Amino acid sequence: MPISLIQPEFKVHIDYDKCHKCGRCVQQCGWSVYSFNERPIPDDSKCRACHRCVTYCPAHCITIRKNDLALRDNANWSPALRQGVWRQAETGGVMLTGMGNDKPYLSIFDHLLLDACQVTNPSIDPLREPMELRTYLGRKPSAVEVTSDGNGGFRLAEGAGVQKNIKLDVPIIFSPMSYGSVSLPVHRSLAMAAERLGILMNTGEGGLHADLYPYADNVIVQVASGRFGVDPEYLNRGAAVEIKVGQGAKPGIGGHLPGEKINREVSETRMIPQGSDAISPAPHHDIYSIEDLRQLIYSIKEATDYKPVGVKIAAVHNVAAIASGIVRAGADYVHLDGFRGGTGAAPQIIRDHIGIPIELAIAAVDQRLRDEGIRNQASIIAAGSIRSSADLAKAIALGADVVAIGSAALMALGCHMCQGCHTGSCSWGLTTQKPELTRRVDPEWGAERLTNLVSAWSHELQEILGALGVNAVESLRGSRERLRSIGLDEQTGRILGVKPAGV
Amino acid sequence: MRYEPLLERMPTTRIPSFTDREGVSRGERPRYAEEAPFKIHGGCGLMGICDESGSLMSGEVPIRAMAVQRDRGNGLGGGFAGYGIYPEFPDHFCFHMMYHDLRAKEDAEALFDRYFQIDLAEPMPTRPVKGIGDAPLLWRYFLNPDPHKLEAAEMTPEDFVVHSVMLINSTVDGAFVASSGKNMGAFKGVGFPEEIGHYYLLEEYEGHTWVGHNRFPTNTPGWWGGAHPFTLLDWSIVHNGEISSYGINSRYLEQFGYKCTLGTDTEVAAYLFDLMLRRHQLPIELACKALASPLWSEIDRMPAEEQAVMRSLRAVYGPGMLNGPFAIVLGFNGGMVALNDRIKLRPLVAARQGSIVMVASEESAIREVLDAPDRVWAPKAGEPVIATVSGNGSPVHSDLHLSADEVSCAVTGMLETCDAVEVS
């Protein structure tokens, strides 16, 4: 076999003086880094720095370092680009990867600052006063019609008021991640946490496993181009139905779950033969234009007694006009996924170069829907790298109703962002179907960690709202006046509708 | 088509030169835009009093109520509105005008002559008062739309009047309409409110409802037109507070066509009332509940029907909810509504003495005016105090058919808002 030009990215160092020679690292590593010959011997080239072995080594004797090989500096040909060329020269293939865009594009969230109250209006202490995060997801009328109830009070007029909205206790939901791309224990963790938190998880495109039926009130069921696991029962089981058109990590690209991942349970849930590849076409072959989308939305509504139906799209250049069309087509929410959103598998070239940042997409879509007077007709879910409660608050201030978290949720379950999801060998038992790996996630443990994460962010959001002097999240939503930009160019500031800091 | 053809073209109108809001180059004459290129911060004091029997009380009453609250303002703005004050002209629209100079007066009067039948035009009675200087020319006109022009314009008299207000404020350089309602008037200017009240000889008027305001702006020199109350027809609004949700409130209103150009919370409150009361026809009680919503925990404990109403109100009008400290009084020809924010971050005290209902920022004002109140209480957060003069209950003008941007234009008189006014 000809020699590879690709050098290992990491160096695994074992302090053999401390090593128990117990073989735990050999057992824990999903990437088969270690062999054992009286002591563990690492193969650096297989290491993805996922820290599973480091975490579970009883002697704490493993260290992972960057392989500090010098390459001649070249500002144009980065080491990553050179390695890409070598790898493709070796394989002739499309480079695959997992998780979100890792390129150093400008992070707009990191250039936005939040406001606080001083003197002329008081800040509010969320530990001592109510601080409301409740959010209703779905279409709302532009006005509320009431009639007299005959006793000096009022009741809603016939058919008036907010109907078919989903109550969320906090404006955070879990992003769609399909069963198949992630393991069943991950799905169960998400569903249990969603129920405890009063929020939603999203099946992704892989159908709903029978173990999750008890949590169906906290589940969005997704309909994607492969239509895996979709039948009338599936549609009716969820709290809402989401038509997935695109994904931030791979706009315009379909999906491919290799046959090795289609075990018996995945095959039953997806309603496809065991061992067959699950191919999601790039487009929905019954949606070639907006009127087709409208027909699908209303077909699903008819099939579900008018449950909320949302549409998920990747944030692309013309996102505002597309979102407007989606709302006019009858969607109850638009789910926007920015170009940093994660994926179980995507061509790296697509992941790293297609789409636009979620911050700009939120701003453009929210403004367009307002300009057209239809903002009330649909909620906006924003996703694509919401990394902290600060990102959450800023996304809401830009105009999102709700944010969805995927990568952060996986990290709560152990993910170290090694970008190996597509390999099916996740050492943390998340993006794999190997039973010896998937059993590493105890759903009870997973649900607790997810609940902790979302609760922590919610508390922090309450602190932010308190500093802003408002006691309900709807008073921050779309309130770009409470944001200032630092280090952004004027044009970007204009698109965001955010003034520069200092004015 | 611009709005002009509705009232025909106005040969006397001069479009003032102006650059942009930040540019502040509108010549010598003050306008709202100069005052508020950015959001205005400040605190204030206010009062409202209404005799529900319709009996009249002297303008000395609101002056005294504001005088004891003097230190809530800083002398940069004070004002009053009185209702029932022109019994001799109950069915005439009364324009209270501010003119920067005689030319502005001539221009505005040319417009009045052309479109209205004027039954009385006179200088506003004033007396010299120490501390009040630099007043504009103040005139008032009792008038009604010319029936022929009205018919040609195919408008209700109310719409016609608001269009005229819009035209004057936006295009007649140096003229500003302080109020334009029937049997009511606004008296406002730069100074402490008791000085302003005496300057306008307020003690010689009698009204069944009065509102008053004392201003403490923190970043603006103040000008006569910018003092409270804000008015639209017979509505008047006085406000104390700083709405922390201004950003989304204004964007919400923009969706309905309103243009929030003044950067003041008062403007936002005025438009929200217009949206909910007039355009969405919500009862005043529910509009108040939408503006200062009960907590979800309270809503969850309500009876089912009420809960459904409140849940919808909050979910639909959430972006319009006024969050942050405020106390506000809306005066109208049938009474007044006073409202506090949802967790009572600004003072508002209420009292009843027989048929008289009074609200003020401080209890001292109530004790100064009412000798033996039956009851004095602090209204709970978000609980409106509503007083209505018998037979005059609704603050809604059924004859008004204005679009949102027309309302904005009428209230602010700003050219950029009026440029957006199109009538098809």
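What counts and what doesn't
- Residues numbered from 1 in each chain as written.
- Chains lettered and ligands numbered in written order.
- Predicted model: local features only at pLDDT ≥ 70, side-chain atom pairs only at ≥ 80, totals over all residues.
- Heavy atoms only, no water.
- Helix = DSSP H or I, 4+ residues; strand = E, 2+ residues; numbered from the N terminus.
- Rg over C-alpha atoms; globule rule 2.2 N^0.38 Å.
- Contact = heavy atoms within 4.5 Å.
- Core = buried A, V, L, I, M, F, W, Y, C linked by side-chain atoms within 4.5 Å.
- Buried < 20%, exposed > 50% of the residue type's maximum accessible area, 1.4 Å probe, protein only.
- Domains from an automatic or database assignment.
- Salt bridge = Lys/Arg side-chain N within 4 Å of Asp/Glu carboxyl O.
- Pairing = 2+ DSSP bridges.
- Axes fitted to C-alpha atoms, helices over the stretch in contact; angles between N-to-C directions.
- 1 Å grid on protein atoms, 1.4 Å probe; cavity = no way out; pocket = protein on both sides within 12 Å on 5 of 7 lines; lining within 4 Å.
- Points joined across faces, edges and corners; volume = space filled by probe spheres on them.
- Nonpolar A, V, L, I, M, F, W, Y, C, P; charged D, E, K, R; others polar.
- Buried area = accessible area lost by both parts, 1.4 Å probe.
- Polar contact = N/O pair within 3.5 Å; in protein donor to acceptor, adjacent residues only side chain to side chain.
- Phe/Tyr/Trp six-rings, centres within 6.5 Å; stacked < 30°, edge-to-face > 60°.

So, the overall build of chain A
Okay, so step 1: Secondary structure summary: chain A contains 15 helices and 23 strands in total.
Okay, so step 2: Relative to a compact globule of 503 residues, whose C-alpha radius of gyration would be 23 Å, chain A shows 24 Å and is just as compact.
Okay, so step 3: By its C-alpha atoms, chain A is 85 × 55 × 45 Å across when sized along the principal axes.
Okay, so step 4: Partitioning the intrachain contacts of chain A with sequence separation of at least 6 by distance along the chain shows that 70% fall at a separation of at least 24.

Some points on the nonpolar core
Residue and element names in this part refer to chain A.
Okay, so step 1: Ranked by internal contacts, the top residues of the largest apolar core, which has 138 residues, are Tyr34, Ile62, Ile173, Phe174, Ile243, Ile405 and Leu496.
Okay, so step 2: For this core, the element with the most residues is helix 14 (residues 443-468), which contributes nine residues.
Okay, so step 3: Residue-level mapping places this core at the junction of two domains, with at least three residues from each of domain 1 (10-93) and domain 2 (135-500).
Okay, so step 4: Beyond its immediate stretch of four places on either side in the chain, Ile173 contacts Leu168, Ile199, Leu200, Ile220, Ile381, Val402, Val403, Ala404 and Ile405.

Comments concerning the pattern of salt bridges
Okay, so step 1: The final tally for this structure, using the stated rule, is 43 salt bridges over all chains.
Okay, so step 2: In this structure, the salt-bridge partner of Arg477 of chain A is Asp401 of chain A, at a minimum N-O distance of 3.7 Å. Taken together, the positions of Arg477 of chain A in the loop between helix 14 and strand 22 (483-485) and Asp401 of chain A in the loop between helix 11 (389-398) and strand 21 (402-405) put the pair 76 residues apart, joining distant regions of the chain.
Okay, so step 3: The partner of Glu52 of chain B in a salt bridge is Arg352 of chain B, with the nearest N and O atoms 2.8 Å apart. Separated by 300 residues along the polypeptide, Glu52 of chain B in the loop between strand 1 (42-51) and strand 2 (57-58) and Arg352 of chain B in strand 15 (residues 349-353) bring together distant segments of the chain.

A short note on the sheet that holds strand 13 (residues 326-332) of chain B
Residues and elements named next belong to chain B.
Okay, so step 1: Within the open sheet, the five strands sit side by side as 11-12-13-14-18. Their pairing is antiparallel. What marks the edges here is a single partner per strand, and that holds for strand 11 (230-232) and strand 18 (385-388). The sheet shows a mean angle of 15° between the axes of neighbouring strands, direction not considered.
Okay, so step 2: When strand 11 meets strand 12 (residues 235-241), the two strands line up antiparallel, connected through three bridges. Counted as the bridge partner of Thr231 is Ser236 from strand 12.
Okay, so step 3: Sheet strands in contact with helix 9 (residues 284-291) are strand 13, strand 14 (335-340) and strand 18, and its direction is about 25° off that of strand 14.

Topic: the layout of surface pockets
Residues and elements named next belong to chain A.
Okay, so step 1: Empty space within the largest pocket amounts to approximately 1,800 Å³.
Okay, so step 2: Surrounding the largest pocket, 44 residues form its lining, Ile6, Glu9, Gln83, Arg87 and Gln348 being those nearest its centre.
Okay, so step 3: Among the elements that make up the lining of the largest pocket, the one with the highest residue count is helix 3 (residues 79-91) (11 residues).
Okay, so step 4: Residue classes in the lining of the largest pocket are distributed as 18 nonpolar, 14 polar and 12 charged.
Okay, so step 5: If you count residues domain by domain, the lining of the largest pocket takes at least three from each of domain 1 (10-93) and domain 2 (135-500).

With respect to helix 8 (residues 319-328) of chain A
An α-helical segment advances 3.6 residues per turn. Residues three or four places apart therefore align on the same side.
All names here are of chain A.
Okay, so step 1: With seven of its 10 residues buried, helix 8 lies for the most part within the structure.
Okay, so step 2: Among the residues of helix 8, Val319, Ala320, Ala323, Ser324, Gly325, Ile326 and Val327 are the ones counted as buried.
Okay, so step 3: Packing partners of the buried residues in helix 8 comprise helix 7 (290-303), strand 17 (309-314), strand 18 (333-337) and helix 10 (358-371).
Okay, so step 4: Immediately downstream of helix 8, the backbone of Gly330 shows phi near 110°, a positive value.

Structural notes on the sheet that holds strand 5 (residues 116-123) of chain B
Residues and elements named next belong to chain B.
Okay, so step 1: Judged by pairing direction, the sheet is antiparallel, and its four strands sit side by side in the order 5-6-4-7 without closing on themselves. Edge positions in the open sheet fall to strand 5 and strand 7 (175-179), since each of these has one partner strand only. The average undirected angle you get between the axes of adjacent strands in this sheet is 30°.
Okay, so step 2: Bridge count between strand 4 (residues 93-99) and strand 6 (residues 137-145): seven bridges; the pairing is antiparallel. Within strand 6, the residue paired with Met98 across the bridge is Leu138.

As for empty space enclosed by the protein
Okay, so step 1: Under the criterion given, the structure shown has nine cavities of 30 Å³ or more.
Okay, so step 2: Volume-wise, the largest cavity comes out at about 370 Å³.
Okay, so step 3: Lining the largest cavity are 25 residues, with Lys140, Asp401 and Arg477 of chain A together with Ala315 and Pro319 of chain B positioned closest to its centre.
Okay, so step 4: Within the residue set of the lining of the largest cavity, elements represented by two or more residues are strand 7 (135-137) of chain A together with helix 7 (246-255) and helix 11 (304-317) of chain B.
Okay, so step 5: Class assignment of the residues belonging to the lining of the largest cavity gives a composition of 10 nonpolar, seven polar and eight charged.

Comments concerning the domain arrangement of chain A
All names here are of chain A.
Okay, so step 1: On domain assignment, one finds that chain A holds domain 1 (10-93) and domain 2 (135-500).
Okay, so step 2: A separation of 34 Å is found between the C-alpha centroids of domain 1 and domain 2.
Okay, so step 3: Domain 1 puts 11 residues into the contact, and the matching count from domain 2 is 12 residues.
Okay, so step 4: Taken together, the two surfaces of domain 1 and domain 2 that pack against each other cover about 990 Å², and 54% of this comes from carbon and sulfur.
Okay, so step 5: Of all residues in domain 1, the largest losses of buried area upon contact with domain 2 belong to Trp31, Arg48 and Arg52, amounting jointly to 54% of the total for that side.
Okay, so step 6: Counting every contact that joins domain 1 to domain 2 gives zero salt bridges.
Okay, so step 7: Linking domain 1 with domain 2 are seven residue pairs in polar contact (both at pLDDT 80 or more), by the criterion used here.
Okay, so step 8: Broken down by secondary-structure element, the contributors of at least two residues to the side of domain 1 that touches domain 2 are helix 1 (24-28) and helix 2 (52-56).
Okay, so step 9: Top element by residues in the side of domain 1 that touches domain 2 is helix 2. It accounts for three residues.

Things to note about the interface of chain B and chain A
Okay, so step 1: The interface is formed by 41 residues belonging to chain B together with 44 residues belonging to chain A.
Okay, so step 2: Carbon and sulfur atoms make up 56% of the surface buried where chain B meets chain A, a total of about 3,400 Å² over both sides.
Okay, so step 3: Considering only the side of chain B, the residues that lose the most area to chain A are Arg251, Gln255 and Trp296 of chain B, jointly responsible for 20% of the buried surface there.
Okay, so step 4: The salt bridge partner of Arg155 of chain A is Glu305 of chain B, with a shortest N-O separation of 3.2 Å.
Okay, so step 5: Of all elements in the fold, only helix 7, helix 9, helix 10 (296-300) and helix 11 of chain B reach the threshold of two or more residues within the side of chain B that touches chain A.
Okay, so step 6: If you tally residues by element for the side of chain B that touches chain A, the top one is helix 11 of chain B, at 10 residues.
Okay, so step 7: Here the residues of the side of chain B that touches chain A are counted per class, giving 20 nonpolar, 12 polar and nine charged.

Comments concerning unusual backbone geometry
Okay, so step 1: Looking along the chain, the bond that leaves His228 of chain B and enters Pro229 of chain B is cis, with omega of 0°.
Okay, so step 2: Notably, Lys164 of chain A is not glycine yet its phi reads approximately 55°, a positive angle.
Okay, so step 3: Tracing the backbone shows Lys164 of chain A in the loop between strand 9 (154-156) and strand 10 (166-168).
Okay, so step 4: One non-glycine residue, Asn183 of chain B, adopts positive backbone phi at about 55°.
Okay, so step 5: Taking relative accessible area as the criterion, Asn183 of chain B reaches 16% and is therefore assigned buried.

Considerations on the pairing of strand 4 of chain B
All names here are of chain B.
Okay, so step 1: Here strand 4 lies mainly inside the structure; seven of its seven residues are buried.
Okay, so step 2: Neither face of strand 4 is exposed, since Phe93, Phe95, Met97 and Tyr99 on one face and Cys94, His96 and Met98 on the opposite face are all buried.
Okay, so step 3: Relative to strand 7, strand 4 runs antiparallel, the two sharing four bridges. Residue Met98 lies in a different strand from strand 7, and its bridge partner there is Phe176.

As for the environment of Ala360 of chain B
Okay, so step 1: Position of Ala360 of chain B relative to the elements: it lies in strand 16 (residues 356-360).
Okay, so step 2: Residue contacts for Ala360 of chain B: discarding those within four places in its chain leaves Leu46, Met47, Gln69, Leu348, Val349, Ala365 and Ile366 of chain B.

Side note on the packing of aromatic side chains
Residue and element names in this part refer to chain B.
Okay, so step 1: Summed over all chains, the structure comprises 20 aromatic pairs over all chains.
Okay, so step 2: Ring geometry for Tyr86 against Tyr205: centres 6.2 Å apart, planes inclined by 75°, an arrangement best described as edge-to-face. Within this pair, whereas Tyr86 is found in the loop between strand 3 (78-83) and strand 4, its partner Tyr205 is found in the loop between helix 6 (193-199) and strand 9 (206-207), the two being separated by 119 residues in sequence. Summarising the burial analysis for this pair, Tyr86 and Tyr205 share the class buried.
Okay, so step 3: Taken together, the aromatic side chains of Tyr86, Phe89, Phe142, Phe187, Tyr199, Tyr200, Tyr205 and Trp224 make up a single cluster linked through ring pairs.

Some thoughts on the pairing of strand 18 of chain B
If a strand is regular, its side chains alternate between the two faces of the sheet.
All names here are of chain B.
Okay, so step 1: A one-sided burial pattern is seen for strand 18, the buried positions being Val385 and Ala387 and the unburied ones Ile386 and Thr388.
Okay, so step 2: Judged from the four bridges that link them, strand 14 and strand 18 form a sheet pairing that is antiparallel. Considered in strand 18, the bridge of Val337 is made with Ile386.

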